[in-house]
Each structure stands twice: as C-alpha cells, then as structure tokens.
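Here's the letter readout for the chains.
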Amino acid sequence: VEDAVAEDIARFEASFRNITQRYRLINRIGEGTFSSVYKAEDLLYDHYQNEWDLDADKENIDNISSSTLKQNSSRAQKPRYVAIKKIYVTSSPLRILNELELLHDLRNSLNVCPLITAFRHHDQVIAVLPYFQHQDFREYYRDFTVDETRVYMHSLFTALSSVHEAGIIHRDIKPTNFLYSPSKQRGVLVDFGLAEREGTDYHHCTCCVEIPDRQRKIQTSVYATTVNAAIQAGQPVPKPTYPNNDQRSSRRANRAGTRGFRAPEVLLKCTAQNSLIDVWSCGIILLTFISKRFPFFHSADDIDAFIELCCIFGKKRMRDTASLHGQVLQTNVPNLTENGYSWEKILLWCTGRNKKGADGQGGLTEEEQEAVAFMSCCLELDPARRVTADEALDLPFLAGLGG
Ligand code: ADP
Ligand code: MG
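Residues numbered from 1 in each chain as written. Chains lettered and ligands numbered in written order. Predicted model: local features only at pLDDT ≥ 70, side-chain atom pairs only at ≥ 80, totals over all residues. Heavy atoms only, no water.

(A) Quick peek at the overall build of the protein. Regarding its fold elements, the protein presents 16 helices and 9 strands. Looking at the protein residue by residue over its 403 residues, the buried ones come to 45%. Per element, the accessible surface of the protein, about 22100 Å² overall, is 49% carbon and sulfur. (Helix = DSSP H or I, 4+ residues; strand = E, 2+ residues; numbered from the N terminus. Buried < 20%, exposed > 50% of the residue type's maximum accessible area, 1.4 Å probe, protein only. Areas by Shrake-Rupley, 256 points an atom, 1.4 Å probe, with all protein chains shown as cover.)

(B) Broad picture of unusual backbone geometry. Between Phe-294 and Pro-295 the backbone carries a cis peptide bond, its omega angle lying at -10°. Note that Pro-295 resides in the loop between α11 (276-291) and α12 (302-324). The phi angle at Asn-18 is positive, at roughly 65°, despite the residue not being glycine. With respect to the helices and strands, the residue Asn-18 is situated in the loop between α1 (3-15) and α2 (19-22). In this structure, His-122 takes a positive phi of about 50° despite not being glycine. Among the structural elements, His-122 can be located in the loop between β4 (117-121) and β5 (124-130).

(C) Inspection of the side chain of Arg-171 at higher detail. Inspection of the secondary structure puts Arg-171 in the loop between β6 (168-169) and β7 (178-181). Look at Arg-171 and you get buried, because its relative accessible area is 4%. A polar contact of 2.9 Å, which involves the side chain of Arg-171, links it to the side chain of Glu-196. Look past the residues within four positions of Arg-171 in its chain and what remains in contact with it is Leu-194, Glu-196, Asn-254, Arg-255, Ala-256, Gly-257, Val-266, Gln-273, Ile-277 and Asp-278. (Polar contact = N/O pair within 3.5 Å; in protein donor to acceptor, adjacent residues only side chain to side chain. Contact = heavy atoms within 4.5 Å.)

(D) Local environment of the site of ligand 1. Around ligand 1 there are 17 residues in total, and Ser-35, Lys-85, Phe-132, Thr-176 and Asp-191 lie nearest to it. Between ligand 1 and Ser-35 there is a distance of 2.6 Å, counted from an oxygen atom to a side-chain nitrogen or oxygen. With respect to ligand 1, the side chain of Lys-85 contributes an N or O atom lying 2.9 Å from an oxygen atom. Elements with a contribution of two residues or more to the shell around ligand 1: β1 (23-31), β2 (35-42), β3 (81-87) and β5. Across the shell around ligand 1, the residue classes break down as 9 nonpolar, 6 polar and 2 charged. (Near = heavy atom within 4 Å. Nonpolar A, V, L, I, M, F, W, Y, C, P; charged D, E, K, R; others polar.)

(E) Up close: the pairing of β2. Most of β2 sits inside the fold, with 8 of its 8 residues counted as buried. Neither face of β2 is exposed, since Ser-35, Val-37, Lys-39 and Glu-41 on one face and Ser-36, Tyr-38, Ala-40 and Asp-42 on the opposite face are all buried. Note that β1 and β2 share 7 bridges and pair antiparallel. In the sheet register, Glu-31 faces β2, and the bridge partner there is Ser-36. Taking the residues that link successive antiparallel strands as the turn, the β1-β2 hairpin has 3 residues. As defined by bridge partners, β2 adjoins β3 across 7 bridges and the pair is classed as antiparallel. Within β3, the residue paired with Ser-35 across the bridge is Ile-87. (Pairing = 2+ DSSP bridges.)

(F) Up close: helix α7 (residues 146-165). The end-to-end C-alpha separation of α7 is 28 Å, in line with the 28 Å expected for 20 residues at 1.5 Å each. For α7, a buried count of 17 out of 20 residues is recorded, marking the element as mostly surrounded by other parts of the structure. Two residues or fewer past α7, Gly-167 is found with a positive phi of approximately 75°. (Expected span 1.5 Å × (residues − 1).)

(G) Layout of the nonpolar core. Counting 80 residues, the largest nonpolar core has Tyr-152, Met-153, Phe-157, Phe-313 and Trp-343 as the members making the most contacts within it. For this core, the leading source of residues is α11, giving 11 residues. Of all hydrophobic cores here, the second largest spans 13 residues; its members include Phe-12, Val-82, Ile-84 and Ile-126. (Core = buried A, V, L, I, M, F, W, Y, C linked by side-chain atoms within 4.5 Å.)

(H) View of the coordination of the magnesium ion (ligand 2). Distances from the magnesium ion (ligand 2) to its protein donors, namely Asn-177 (OD1) and Asp-191 (OD), fall within the range 2.1 to 2.2 Å. Of this pair, Asn-177 sits in the loop between β6 and β7 while Asp-191 is found in the loop between β8 (186-189) and β9 (196-197), placing the two residues 14 residues apart along the sequence. Take Asn-177: its relative accessible area is 5%, and that puts it in the buried class. For Asp-191, a relative accessible area of 23% translates into the label partly exposed. (Donors = N, O, S within 2.8 Å, 3.2 Å for Na, K, Ca; no water.)

(I) Representation of a negative patch on the surface. Taken together, the side chains of Glu-165, Asp-390, Glu-391 and Asp-394 make up a negatively charged region of the molecular surface. By residue number, the principal contributor to the negative patch is helix α15 (residues 389-394), which donates 3 residues. Along the polypeptide, Glu-391 turns up in helix α15. (Patch = residues over 30% accessible without salt bridge, like charges linked within 9 Å, V, L, I, M, F, W, Y side chains within 5 Å. Salt bridge = Lys/Arg side-chain N within 4 Å of Asp/Glu carboxyl O. Lys, Arg positive; Asp, Glu negative; His and termini not counted. Charge placed at Lys NZ, Arg CZ, Asp CG, Glu CD.)

(J) How the structure looks around the pattern of salt bridges. Tallied over the full model, the rule gives 20 salt bridges. The salt bridge involving Arg-80 is made with Asp-42; its shortest N-O contact spans 3.6 Å. One end of the pair, Arg-80, is in the loop between α4 (66-76) and β3; the other, Asp-42, is in strand β2, with 38 residues separating them in the sequence. Overlapping salt bridges bring together Asp-8, Arg-28 and Glu-31 as one network.

(K) Structural context of the pairing of β5. For β5, the tally of buried residues reaches 6 of 7 residues, placing the bulk of the element in the interior. Of the strand pairs in this sheet, β3 and β5 are connected by 6 bridges, and their pairing is antiparallel. Counted as the bridge partner of Ile-84 is Val-128 from β5. Strand direction decides the pairing type here: β4 and β5, joined by 5 bridges, are antiparallel. By the bridge assignment, Arg-120 is partnered in β5 with Val-125. Between the end of β4 and the start of β5, which pair antiparallel, lie 2 residues, with His-122 showing a positive phi angle near 50°.

Structure representation (structure tokens):
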C-alpha cells in the first residue's frame, strides 16, 4: 500500500469512532468525485450466520472424518471481505439517504451489489457492501470475443431489469459502476449515488405523446417546427427571436450521469426522462466492446456530446431527435453529414477492416452483425422506440443465455 493511501486509511480510522473494532482496512480501491472506497476485512463476521454453512456442517456431523473437519474449519476461517464506501461529507444528507434507501430497496435484486449495513459518525456516513472480486474494464474489453461480450451484457441487463422493475433509474451506467469478473462470468451493479425513483421530477415533454399522435402534437414547439420546415424546404433558417422579458423559466432537467454515456434525451434536457436512459448507456458499453475503443465518446460538455452523436447519426436524425423534445438543432460545424454512417461502416473503420476485400474476406462477422442489431435497439434515439431492459433479455443476442 502506497504511503499516501496508508496515510488516508490511518486518518479515516482515527476519525471514525470504533471502526477498527469491526473492520480491518486493507487498501483503498476507489476514489471518485463522491466517495472513497476501501477494501476491508469484517472482523466480527459470524461465519455460522450463513445458512448454507450451517447445513453443510449438520450433514458432516454424521460423517465426521479428519478431512471434512479440516475442510470445514478452513472454510469457517475464510475472512469475509467488504467494500467500505465512505461518502464524502460534501454530499448532501438527502443525497446520501437516497443512495442508502435505494440500495436497501434493491437488496434482493439479481446482480446488484447489496448493502450489508451503514454507519454514521458525526457528519460522516459509510456504506458497507460485500467485496466483489472483479477486473478493471481496461484490462479485458479489447480482448473479449463476441460471445464473452454477450455474457457480460446478459449479466448487465439482468441487473438493469431488476433495478427497473423496482421502479429505479440508475442514471450512471458505465464500466466502473458494473464490477465484472471475466473468470466468474458475472458482474454486479454498484453506485446508486445518482439513482432516482422513476417519475421523480417528471414534467411533460413534447416526447411524451403516443407515437401516432406525435407528428401532430409536436407543434407545441412552434419555433422548432418553423426551423425544421425551412431546413426541409431548403430555405434560410429564420433567426430565433428572443423576447426581452421572457416570462418562461429556463428549461431544467436532471442531467446527472457521465459524459459519453448520456442518452440524447438527457443531453436535450428532456423533462420526462425514464429508465430507458440506462439502456442507452448499456448500448454505449456494447459499442465500446465491439469497436474496441474506450471511451468511445469523450466530449467535454453536452453540446460537444450532441455533436459527436451528429457525426454518427447524421444531422437529419439528430434534428428530428431535438425536435422530439421541443429543441432546435442549428450547427455550423463543418463535415457533419446529413445522413451519418452505418454502424457497420463505423465498426469496420474502428477495427481497421474494409467492407470487402478482393478475396471476399472482411466485413462484419455474423455474430458481430447480431451484436450490432442488438446495439441498434439500445441506441435508438427516440426513447419511446428504444428496447426496455426486459425486452433486451429476449432479443436473439441474449435470449440463449437465460438461467
Ligand atoms: P463513486 O460514487 O465514488 O463512483 P462507487 O460506488 O462507484 O463510488 O465505487 C467506486 C469504486 O470502488 C468502483 O468503481 C469499484 O472499483 C470499487 N468498488 C465499489 N464497490 C465495490 C465492491 N462491492 N467490491 C469491490 N469493489 C468495489
Ligand atoms: Mg462510481
């Protein structure tokens, strides 16, 4: 353990009353904007509270031999490791309560790292979770085969589907928040620091209307309609007229998340965001695997992020997406095409392949095409047309992996 980390651990132990009586801190394993996470051994873990252990011991009473005794004692002495998440005191008490409450709600959800307990000392709160052995995403994403990626995505969507079923939006799906073990072929979702119950802060947005009614009702944004009509007719775009004393409050929406993983409706400040923003982020993770580029998007801000999407999806589709949420896309960024590029083209380009060589080789493999088809359902620009986590598990790319 480096000096700086050892010092940090010592300071933490000294500041949090009695923590050393219960936990032996081993290392610092995470340091983010909102917390530090430590690996620790739970010194008071009662090995016999575990039912599975109890049953195993009962069975062995009738059949005692030195070897089973030895096995049992070695299992009983296996230390239990935990992850202690020290939430920074700069986080508001409401935010901390929200994270703990949601984790508590999700305690029985598949592939979600459960909360063991939590403590408070003065203004400091710690959450205690079982330690989950995993590997850093950067170590494996380039080498994963399509089949390995499939297993990863199945594990991730299983977690997401149980979170959404509980009516919770995670809001920050990305590789560092999904701890995956390639050897166990299993992952757990962590970090509900930005999560919220679906429907919190929900206000009407022009995207809310049923799909067949949309064309008609979208006219709520008069300026957007005028601009889009002008562009379609090839006429000059009318200048927006900003009233001098605009009585309307500026548009506000939850933008929480991580750059590069935000769904278009988050970038567009849609006020009616739902759990489908998480499905978009999963699509971006899959894009990372099959393009072998991480991070795939790395814009500095939301405007840049929107332009990055324009590069791929083309101006036409992004204009429609903007107007879906009552916004107008106007850009003078050169080289943006009207129609964008197909995923196939982008992926071949990312992985240095041609569409078809003279030998008939090249192009995407059949399983890659299956992955792309699945990804397109996750990266659907219109949330109403995007696949839900539940539906995703039934798509051909994942369907074979249930159970
Ligand atoms: P933050 O809100 O600061 O991002 P996270 O809950 O995402 O906090 O945890 C930060 C990091 O700590 C994770 O990316 C992971 O590396 C590590 N970590 C968190 N929980 C666990 C756990 N249960 N087991 C092992 N490592 C964990
Ligand atoms: Mg995190």
